[in-house]
Amino acid sequence: MAATYVIVTEMEMDTLLKAEKNWSKHIEGGEYVYHYTSLKNPDIVIKVFSSVTPNGVSKKCGSDAIRICAVNTKTNRGIIKTGRVNRTAGWDERTKTKVLETIEKIW
């Protein structure tokens with residue numbers, strides 16, 4: 001059975017990547033990108049490209065996926081590209097897992 005695309009909303013992303021947990025939300029390239037900066041190393045930012053557009057819902061089916069990476073803000077270079085999370089059932093848990101994997105690799 002093939003996985004079924006689900007719509008991801010801005011509210012769902014905000015719930016997953018909470019501001020009170022030091023996540024901030026920015027618009028980059030026409031989508032919301034969530035940033036996390038560690039107090040241990042403020043030069044490194046984990047970015048989650050949500051595929052959610054400023055209209056509050058994800059891009060159309062097949063057009064994009066959620067992507068996670070880490071960037072050194074001093075050099076403006078990528079450090080880790082964790083991969084894609086398809087927008088299917090369970091996307092939130094898979095995103096959380098990939099974010100935690102990224103954090104473990106950096107810190």
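In what follows, the structure referred to is the one given above.
As a convention, each chain's residues are numbered from 1 in the sequence order in which they are written. Note on the predicted model: pLDDT of at least 70 is required for a residue's local features to be given, and 80 or more for side-chain atom pairs to be given and counted; whole-chain, interface and lining totals, by contrast, use all residues. Excluding hydrogens and water, the side-chain values take into account all heavy atoms of the structure.

Student: Hey, could you run me through the overall build of the chain in this one?
Tutor: The secondary structure listing takes helices from DSSP runs of H or I that are at least 4 residues long and strands from runs of E that are at least 2 residues long, numbered from the N terminus. From N to C terminus, the chain includes two helices and five strands. Taken from the N to the C terminus, the helices and strands of the chain come in the order α-β-β-β-β-β-α. In this setup the radius of gyration rests on C-alpha atoms only. A globule is expected at 2.2 Å times the number of residues raised to 0.38. Its C-alpha radius of gyration of 13 Å places the chain within 12% of the 13 Å reference for a compact globule of 107 residues. Over its C-alpha atoms, taken along the principal directions, the chain stretches across nearly 40 × 30 × 25 Å. In the chain, which comprises 107 residues, the share counted as buried stands at 38%. We call two residues contacting when some pair of their heavy atoms lies within 4.5 Å. Taking all contacts inside the chain whose residues are at least 6 apart in sequence as the whole, residues at least 24 apart take part in 43%. For the purpose of charge, His is not counted, nor are the chain termini; Lys and Arg are scored as positive and Asp and Glu as negative. Charge coordinates come from a single atom per side chain, which is NZ of Lys, CZ of Arg, CG of Asp or CD of Glu. The chain carries 17 positive and 12 negative side-chain charges, and their two centres are separated by 5 Å. Summary of the burial criterion: residues with accessible area below 20% of their type's maximum are buried, those above 50% are exposed, and those between are partly exposed, where the area comes from a 1.4 Å probe applied to protein chains only.

Student: How do you make sense of the nonpolar core when you look at a structure like this?
Tutor: Definition used in this section: a nonpolar core is a set of buried Ala, Val, Leu, Ile, Met, Phe, Trp, Tyr and Cys residues joined via side-chain atoms within 4.5 Å. Counting residues in each nonpolar core, the largest one holds 19 residues, and the members touching the most others are M13, W23, Y34, I46, V48 and I68. Setting aside residues no more than four positions away along its own chain, V48 makes contact with M13, L17, W23, Y32, V33, Y34, I66, R67, I68, T95 and V99.

Student: Sorry if this is basic, but what is going on with the pairing of strand β3 (residues 44-49) here?
Tutor: Two faces belong to every sheet, and in a regular strand the side chains alternate between them. By the criterion of burial, β3 is predominantly enclosed, with six of the six residues buried. Burial along β3 is two-sided: I44, I46 and V48 facing one way and V45, K47 and F49 facing the other are all buried. By this definition, two strands are paired if DSSP reports at least two bridges between them. For strand β2 (residues 31-37) and β3, the ladder comprises five bridges, and the chain directions are antiparallel. The residue of β3 that forms the bridge with Y36 is I46.

Student: Hey, could you run me through the environment of K21 in this one?
Tutor: Its place among the elements puts K21 in the loop between α1 (10-16) and β1 (23-28). Taking relative accessible area as the criterion, K21 reaches 54% and is therefore assigned exposed. Along the backbone, K21 and K47 are 26 residues apart, and their C-alpha atoms lie at a distance of 14 Å.

Student: Whenever I open this one, the side chain of S51 confuses me. Can you help?
Tutor: Mapped onto the elements, S51 comes out in the loop between β3 and β4 (66-72). Residue S51 is classed as buried on the basis of its relative accessible area, which comes to 0%. Under the rule applied, a polar contact is a pair of N or O atoms within 3.5 Å (in protein, one hydrogen donor and one hydrogen acceptor; residues adjacent in sequence only if both atoms are side-chain atoms). Polar side-chain contacts of S51 include one of 3.2 Å to the side chain of R87.

Student: Help me understand helix α2 (residues 91-106) in this model?
Tutor: Given 3.6 residues per turn, any residue in an α-helix points the same way as the ones three and four places further on. To estimate how far a helix should reach, multiply one less than its number of residues by 1.5 Å. With 16 residues, α2 should reach 22 Å at 1.5 Å per residue; the first-to-last C-alpha distance of 23 Å fits that figure. Here α2 has its buried residues at W91, T95, V99, T102 and I106. For α2, the angular spread of buried residues about the axis comes to 70°, placing them on one side. On the buried face of α2, the contacting elements are α1, β1, β3, β4 and β5 (77-85). By definition, the arc is the one covered by directions from the helix axis to the C-beta atoms.

Student: Just checking my understanding: could you explain the environment of A89 for this structure?
Tutor: By the secondary structure assignment, A89 is in the loop between β5 and α2. Judged by relative accessible area, which is 60%, A89 ranks as exposed. Distance in space between the C-alpha atoms of A89 and T4 is 7.1 Å, their sequence separation being 85 residues.

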